[in-house]
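# A structural walkthrough
The chain contents come next:
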Amino acid sequence: MALKRVMVLTGGGDCPGLNAVIRGIVKRASQEKDWEVIGCIESFNGVLREPTEIVVLDEKTVEGLHMQGGTILGTTNKGGPFAWPVKNADGSWTTVDRSDEMLRKLQYMGVDAVINIGGDGSQRISLGLYEKGLNIVGVPKTIDNDLSMTDYTFGFQTAVQICTDAIDKLVTTAASHNRVFILEVMGRDAGWIALHSAIAGGADVCIIPEIPYNVEKIKEKIETRYNKRRGYCVCVVAEGAKPVGGGVTGTVTGEIGYQHIKLGGIADQLAAELKAAGVEHDIRCTILGHLQRGGTPIAFDRILASEFGVCAFELVKEGRFGQMVAYQHPNIVGVPLAEAVREPHLLTPNHRLIHTARGLDIEFGD
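A brief structural summary. The numbering scheme is per chain: residues are counted from 1 as the chain's sequence reads. Reporting in this predicted model follows two pLDDT cut-offs: at least 70 for local features of residues, and 80 or more for side-chain atom pairs to be given and counted; totals over whole chains, interfaces and linings ignore these cut-offs and use all residues. Side-chain measures were taken over the full set of non-hydrogen atoms in the model, leaving aside hydrogen atoms and water.

### Observations regarding the overall build of the protein
Filter applied, for reference: Counting from the N terminus, the helices are the DSSP runs of H or I reaching at least four residues and the strands are the DSSP runs of E reaching at least two. For the radius of gyration, the atoms used are the C-alpha atoms, and the globule rule reads 2.2 Å times the number of residues raised to 0.38. In this scheme, a residue with accessible area under 20% of its type's maximum is buried, one over 50% is exposed, and one in between is partly exposed, where area comes from a 1.4 Å probe on protein chains only.
Secondary structure assignment for the protein yields 11 helices and 17 strands. Its C-alpha atoms give the protein a radius of gyration of 22 Å, near enough to 21 Å, the size a compact globule of 366 residues would have. Overall, the C-alpha framework of the protein stretches about 80 × 55 × 35 Å when taken along its three principal axes. Burial analysis of the protein (366 residues in total) assigns 51% to the buried set.

### What about the pairing of strand S5 (residues 93-96)?
For clarity, the threshold we go by: Whether two strands pair depends on DSSP finding at least two bridges between them.
Two elements, strand S4 (residues 84-87) and S5, share 4 bridges in a ladder whose sense is antiparallel. Each bridged residue has a counterpart across the sheet, and for Pro-85 the counterpart in S5 is Thr-95. Linking S4 back to S5 in an antiparallel pair, the connection comprises 5 residues, with Gly-91 at a positive phi of about 95 degrees.

### Points about the packing of helix H5 (residues 156-177) against helix H6 (residues 192-201)
Spelled out, the test is: Note on geometry: axes are C-alpha line fits, over the in-contact stretch for helices, and angles between N-to-C directions span 0 to 180 degrees. Throughout this description, any angle smaller than 35 degrees is read as roughly parallel, any larger than 145 degrees as roughly antiparallel, any in the 65 to 115 degree range as roughly perpendicular, and the remainder as oblique. Here a crossing is called left-handed whenever its near helix is offset anticlockwise from the far helix by less than a right angle, and right-handed whenever the offset is clockwise. Residue contacts are counted whenever heavy atoms from the two residues lie within 4.5 Å of one another. Charged residues are taken to be Asp, Glu, Lys and Arg, nonpolar residues to be Ala, Val, Leu, Ile, Met, Phe, Trp, Tyr, Cys and Pro, and polar residues to be all remaining types, Gly included.
For the pair H5 and H6, the least separation of the axes is 8 Å and the interaxial angle reads 45 degrees. Compared by their axis directions, H5 and H6 come out oblique. Once H5 is placed against H6, the crossing between them reads as right-handed. Of H6, the residues touching H5 (which contributes Phe-156, Ala-159, Val-160, Cys-163, Thr-164, Ile-167 and Asp-168) are Trp-192, Ile-193, His-196, Ser-197, Ala-198, Ala-200 and Gly-201. Taken together, the residues of the contact of H5 with H6 break down into 9 nonpolar, 4 polar and 1 charged.

### A few points about the pattern of salt bridges
Heads up, the condition is: One speaks of a salt bridge when a side-chain nitrogen belonging to Lys or Arg is within 4 Å of a carboxyl oxygen belonging to Asp or Glu.
For the coordinates displayed, the defined rule picks out 17 salt bridges. For Lys-27, the salt bridge goes to Glu-59, with nearest N and O atoms at 3.8 Å. Residue Lys-27 is located in helix H1 (residues 18-29), and its partner Glu-59 is located in the loop between strand S3 (54-57) and S4; the two are separated by 32 residues in the primary sequence. Classification of Lys-27 by relative accessible area gives partly exposed; the value is 35%. A relative accessible area of 42% means that Glu-59 is categorised as partly exposed. In the salt-bridge network here, residues are joined through shared partners; they are Arg-28, Glu-32 and Glu-314.

### As for the packing of aromatic side chains
Our working rule: Aromatic contacts are taken between Phe, Tyr and Trp rings whose centres are within 6.5 Å, Trp giving its six-membered ring; a plane angle under 30 degrees counts as stacked, one over 60 as edge-to-face, and the others as tilted. Here, a charge over a ring is recorded when the distance from Lys NZ or Arg CZ to the ring centre is within 6 Å and its angle to the ring normal is within 35 degrees.
What the rule picks out here adds up to 5 aromatic pairs. Here the aromatic rings of Tyr-152 and Phe-156 are separated by 5.9 Å at their centres, their planes lie at 15 degrees, and the arrangement is stacked. Looking at Phe-156, the relative accessible area reads 0%, which means it is buried. Taken together through their ring pairs, the aromatic side chains of Tyr-152, Phe-156, Phe-300 and Tyr-327 make up a single cluster. Taking NZ or CZ as reference, Arg-98 lies 4.9 Å from the ring centre of Trp-84, over its face. Directly above the aromatic system of Tyr-232 lies the positively charged group of Arg-225, at a separation of 4.9 Å from the ring centroid.

### Details of helix H8 (residues 266-276)
Which entries qualify depends on this criterion: Here, the arc refers to the directions that run from the helix axis to the C-beta atoms.
Every buried residue of H8 is accounted for by Ile-266, Ala-267, Leu-270, Ala-271 and Leu-274. For H8, the angular spread of the buried residues around the axis is 140 degrees, confining them to a single face. On its buried side, H8 packs onto strand S8 (180-185), helix H7 (215-224), strand S12 (233-238) and strand S15 (283-287). Just beyond H8, the residue with positive phi is Gly-278, at close to 110 degrees.

Have a look at this one:
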């Protein structure tokens, strides 16, 4: 009996729960006698490189993997089959489309289907490859929670827990020193992490990309937290936040194959704006950065990732390609990739959690 072969890969930024998805796929596939699972190292790079970097994934390989952070397959958010970085003779860099070459290599390797675990950028690649004829299924992975058609992406809740723990710790030092603390969290263009952790941690101010802020509004809120010189204030700000009429804070990295603006620095910018607006209290900034991406996934994300892994293999087994696994409470379903990446999943001004936050007297700066 000829074995069918499914290739699994992880792309984009790392995320708690990636290994649990891999384990879920392998555990479910092991129940079928005619399927084997292989892993591609660093997203599609393992196929595109010479020699190829492919590993066999079996039950022994994934034993105990659900509790481990990171990904045993490695990951990258640079380049890809449609934009492979190539160095020119003069030292400059350009990109080339190697997608057709990769499809031929996959056919030669006997790969019957691919499961691509990744965020928005990875699933856009999935869609492009599906439109070229590849049998592919997507699994939504991002701490930013910004993929449409799914209530949550795995890794998000773990990131929120890490941020909430940070707020809990900042409250004690803020109160001890009568300071304003600004905590900068990830999320790119989405404020999900900031909003969830601000509510869970009892923050006073929450600045998100979807609601441009007025620094005077934030100043007013800070002053209400002080009685003469005594008091404190904790502000949570998403990395993609921006003032009214302004843009995001970030830099172009110049890293080969990295196409995004590297966001970061909004906490320091906001602190400077508050000082310029007349806030006299001590202000300190904390930037969590990649701490939000690392470590052990919490139970919620282990369960969700495991459900995604099992469902992803079953979509492959049923031949339901061009779909992405999604959590639509209370069900795990398959949705069209085209719908999942059509537009980002962002907060709306009338979202129930924003209503809740306002009811808790959290200031958004609007």
